[in-house]
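Coordinate inspection notes
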Amino acid sequence: MSTVSLPRLPAIALDGRNLAWQIAPWLLPILLYILWHAGAAQGWISPQVLPPPAYVWDTLRELATSGDLWLHLGASMARVLVGFAAGALLGLALGVAMGLWRPLQAYVLPLFNALVQIPVLAWLPFVLLLVGIGETLKYILIAKAALVPVTLGTLQGFRQASPALREVARVYGYTRRQEVLEVVLPLATPTIFTGLRLGFTKAWLSLVVVELVASSEGLGYLIVYGRQLFQLDLVMAAVIIVGAVGYAIDRLLDWTEARLIGASRRRNAQGERA
């Protein structure tokens, strides 16, 4: 009996669908850029209100060649990394503690949820009175912004391990440490990383807001400086840098998450085969 080969159209269609999903996120930014360029060329909006793209790119190039871009970007990155690291570490510790010890969760979580509702800027006058207007102020507010989503993400991740699954681990003789590291943590990792990514987003936004209010250098300061001088091309250039850097770091966290989850799954598969 002769065999009939199947057509390869489904594979081609699948590749086309994957390509469409990769292109789709860029369609709206490209459309907005086209509208921006057309609006500037046709005079729909005054250049004093919305400068043409060419002016903004020239400003970006001048910032890069003069070294001002790297000075302000370096100051902002140092602040956000220190503040995010402090907030994330505290959030991980608090989330793990509440996830493993229910009495602590019962006492702390209601107060924590109440404090979550207070915006970062609302803490500014109080922290300003305590530590002044220096770098410590920025670190504290950025850390507070990162603390909330990291804590809640870690707590939610540790809740995902069902009591029945943990009971099975105890039946097989797992110690408390093995139960946490080999049962609870692998299940919690995706949710924890979601909290970390959201925490960095909140920290990055808080950084810009804090630099808008109290700073003499940084990307937020560039935005304020450009607004004060009515140099909207400088404002737009700084906004583009803020968005590009934030997006790049979010992609880096996404890549790290995928690598860690993939490595965890490979270890679990090897353990099952063994």
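Small disclaimer: the values here were computed from a predicted structure and weren't measured. (Residues numbered from 1 in each chain as written. Predicted model: local features only at pLDDT ≥ 70, side-chain atom pairs only at ≥ 80, totals over all residues. Heavy atoms only, no water.)

As a further point, take the nonpolar core. Counting 38 residues, the largest nonpolar core has Val80, Phe84, Leu196, Phe200, Trp204 and Leu219 as the members making the most contacts within it. Contributions of two or more residues to this core are made by helix H2 (53–66), helix H3 (68–100), helix H6 (135–159), helix H8 (176–213), helix H9 (219–228) and helix H10 (232–273). Of the residues forming this core, the biggest block, eleven residues, is contributed by H8. In this structure Trp204 touches Met77, Val80, Leu219, Val242, Val245 and Gly246, once residues within four positions along its chain are discounted. In terms of nonpolar packing, the next biggest core, distinct from the first, is built from eight residues, Val120, Val127, Leu141 and Ala145 among them. (Core = buried A, V, L, I, M, F, W, Y, C linked by side-chain atoms within 4.5 Å. Buried < 20%, exposed > 50% of the residue type's maximum accessible area, 1.4 Å probe, protein only. Helix = DSSP H or I, 4+ residues; strand = E, 2+ residues; numbered from the N terminus. Contact = heavy atoms within 4.5 Å.)

Moving on to the confidence of the model for the chain. Predicted coordinates in regions of low pLDDT should not be interpreted in detail. Mean pLDDT over the chain: 80, with 85% of residues reaching 70 or higher. Across the chain, H3 holds the top mean pLDDT of 90, while helix H7 (residues 163–171) sits lowest at 69. (pLDDT = per-residue confidence, 0-100.)

Turning next to the packing of helix H4 (residues 102–116) against H6. At their nearest, the axes of H4 and H6 sit 12 Å apart, and the two run at 140° to each other. The angle between H4 and H6 falls in the class oblique. Relative to H6, H4 is oriented so that their crossing is left-handed. Together, Gln105, Leu109, Phe112, Asn113, Leu115 and Val116 of H4 and Lys144, Leu147, Val148, Thr151, Leu152, Leu155 and Arg159 of H6 make up the contact between the two elements. (Axes fitted to C-alpha atoms, helices over the stretch in contact; angles between N-to-C directions. Parallel < 35°, antiparallel > 145°, perpendicular 65-115°, else oblique. Left-handed = near helix turned anticlockwise from the far one by under 90°.)

Taken as a whole and judged by the stated rule, the model has nine salt bridges. Residue Glu135 pairs with Arg79 through a salt bridge whose shortest N-O separation is 2.8 Å. Here Glu135, found in helix H6, pairs with Arg79, found in helix H3; they are 56 residues apart in sequence, far enough to count as distant. Residues Arg251 and Asp250 are paired through a salt bridge, measuring 3.1 Å at the closest nitrogen-oxygen approach. Looking at Arg251, the relative accessible area reads 35%, which means it is partly exposed. Classification of Asp250 by relative accessible area gives buried; the value is 16%. Through salt bridges with shared partners, a single ionic network connects Arg79, Glu135, Lys138, Glu211 and Glu217. (Salt bridge = Lys/Arg side-chain N within 4 Å of Asp/Glu carboxyl O.)

On the UniProt side, "transmembrane region" (unreviewed entry) is annotated at positions that read residues 26–45, 80–101, 108–133, 204–225 and 232–249 here. Across residues 108–133, the secondary structure splits into 81% helix and 0% strand, with the terminal C-alpha atoms separated by 30 Å. End-to-end, the C-alpha atoms of residues 204–225 are 19 Å apart, and along that stretch the chain is 77% helix and 0% strand. (UniProt positions renumbered as here; feature names shortened; annotations may be inferred.)

Tallying each qualifying case throughout the model produces four aromatic pairs. Ring geometry for Phe200 and Trp204: centres 6.1 Å apart, planes at 20°, overall stacked. Placement of the pair is Phe200 and Trp204 together in helix H8, with a separation of four residues, close to one helical turn. Overall, the relative accessible area of 5% leaves Trp204 in the buried class. Three or more aromatic residues link up through ring pairs in this structure, and these residues are Phe84, Phe200 and Trp204. (Phe/Tyr/Trp six-rings, centres within 6.5 Å; stacked < 30°, edge-to-face > 60°.)

Here we take up the side chain of Ser206. Along the polypeptide, Ser206 turns up in helix H8. Overall, the relative accessible area of 9% leaves Ser206 in the buried class. Setting aside residues up to four positions removed in sequence, Ser206 forms contacts with Val120, Leu141 and Ala145.

If you trace the backbone, Tyr221 turns up in helix H9. The class for Tyr221 is partly exposed, based on a relative accessible area of 24%. Sequence-wise, Tyr221 and Val235 are 14 residues apart; in three dimensions their C-alpha atoms are separated by 9.8 Å.

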